[in-house]
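Reading the structure
One-letter residues, chain by chain:
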Amino acid sequence: MRYPRHMTLELTAKCNFRCPYCYCVWHEYPALAKPELDTAGWRTVLEKCAADGVEDILFTGGEALLRPDLFEILGHARRLLPKASLSLFTNASRLDEALIVRFRRRRVQLATSLQGLATYGGMTGTRRSYRRLLTVIARAAELKWPMSVSMTITKANAHEAADMFAAAALSGAKAIQVGPMMLGGRAMSHSELMLSRDEWESVKARIRALPDARVPYTFCEEFICACRPDTPRQLLDEWGDKNRKPCPAGKSFGVVGPNGLYRTCLHTLIDFCGDCGGIYG
Ligand code: SF4
């Protein structure tokens, strides 16, 4: 099979956060993350990306900065795909000025997530404060390498969603994406945190009512990945979008997981791939 134009490479399943909403599929199906590819394995994946004409790659995890060979992998990517758009999603816990400069030098765009303000510790399963993250976002903007910021809204942090948005915007976020927690991964065990559709509409209204900070933003409307064949009918009825357009997963974008196997999207499982297999599968 040929990789689609837009690819996400999940470099590791390891993460130093324990976000209750984490949608990574290996929380449900640990085998999907094992064994993790080594540097040579990722180089092979990148060679296939180059051969298939992939136009952009998002490197993520888990927490990609936990891989000691991250810059080696990025170096391969830049050499093999000199014109591709490369970006990295990180929880930013290990990101600092020196690393931002290294990413800027390699033209690797940066994205992170702001999971809460007062709720940051609970939303990340850590004892951390949001303050360091905002400082990193602001420093990246000062270094002319501003970060995109995503925000996952749950019942726990919905009350401060507008404040989170304002904090990210005022810290210098390049763009902001806001979405409700999706049912999948670790979130499957925390369905009590799912917003109702009315609560989600209220969050959007409060964000839209904020003064214009001149930061582009988008709302992600998905509560559940309807592509997954194992989604119980009752959950689809409750959370599925009846007006959902056909999903381009596997057509314009795809994912390679920590073990090198291809999936059609972040939320789908290897079994769903049908004939696509994976270069290691
Ligand atoms: S959502 Fe991201 S930061 Fe949080 S546990 Fe999952 S991979 Fe780690």
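Structural notes, computed from the coordinates.

Criteria and cut-off values
- Residues numbered from 1 in each chain as written.
- Predicted model: local features only at pLDDT ≥ 70, side-chain atom pairs only at ≥ 80, totals over all residues.
- Axes fitted to C-alpha atoms, helices over the stretch in contact; angles between N-to-C directions.
- Helix = DSSP H or I, 4+ residues; strand = E, 2+ residues; numbered from the N terminus.
- Parallel < 35°, antiparallel > 145°, perpendicular 65-115°, else oblique.
- Left-handed = near helix turned anticlockwise from the far one by under 90°.
- Contact = placed C-beta atoms within 7 Å.
- Nonpolar A, V, L, I, M, F, W, Y, C, P; charged D, E, K, R; others polar.
- Near = placed C-beta within 6 Å.
- Expected span 1.5 Å × (residues − 1).
- Buried ≥ 20, exposed ≤ 12 C-beta atoms within 10 Å, placed from the backbone.
- Arc of directions from axis to C-beta.

1. Some thoughts on the packing of helix α6 (residues 161-170) against helix α7 (residues 197-208)
- One way to put it is that α6 packs onto α7 with a least axis distance of 9 Å and a crossing angle of 40 degrees. Taken together, the axes of α6 and α7 lie oblique to each other. Considering the relative orientation of α6 and α7, their crossing is right-handed. Residue-level inspection shows Ala 161, Ala 162 and Phe 165 of α6 in contact with α7, the latter providing Val 203, Arg 206 and Ile 207.
- Across the contact of α6 with α7, the residue classes tally to five nonpolar, no polar and one charged.

2. Here we look at the site of the ligand
- Around the ligand, a shell composed of Cys 15, Phe 17, Arg 18, Cys 19, Cys 22, Cys 24, Gly 61, Gly 62, Glu 63 and Asn 91 is seen.
- Each residue belonging to the shell around the ligand can be placed in one class, and the counts come to five nonpolar, three polar and two charged.

3. A closer look at helix α1 (residues 39-51)
- Counted at 1.5 Å a residue, the expected span for α1 with its 13 residues is 18 Å, and the 18 Å between its end C-alpha atoms agrees.
- Considered for burial, the residues of α1 that qualify are Trp 42, Val 45, Leu 46 and Cys 49. Burial along α1 is one-sided: seen end-on, the buried residues are contained in an arc of 100 degrees. α1 presents Ala 40 and Ala 51 as exposed residues on the side facing more than 90 degrees away from its buried surface.
- Check the buried side of α1 and you find it contacts β1 (6-10), β2 (56-60), α2 (70-80) and β8 (253-256).
- Phi for Gly 53, located one or two positions after α1, is positive at around 75 degrees.

4. Looking at unusual backbone geometry
- Look at the link from Lys 34 to Pro 35: it is a cis peptide, with omega at -15 degrees.
- Mapped onto the elements of the fold, Pro 35 is located in the loop between β1 and α1.
- For the bond from Gly 61 to Gly 62, the omega torsion is 15 degrees, close enough to zero to count as cis.
- Mapping Gly 62 onto the fold places it in the loop between β2 and α2.
- You will see that Ala 92, though not glycine, has its phi angle at about 70 degrees, which is positive.
- For Ala 92, the position within the fold is in the loop between β3 (85-89) and α3 (97-105).
- For Ala 92, a count of 25 C-beta atoms within 10 Å corresponds to the buried category.
- For Lys 144, which is not a glycine, the phi torsion comes out positive at approximately 60 degrees.
- Mapped onto the elements of the fold, Lys 144 is located in the loop between α5 (130-142) and β5 (148-153).

Just distances and angles here, no functional claims.
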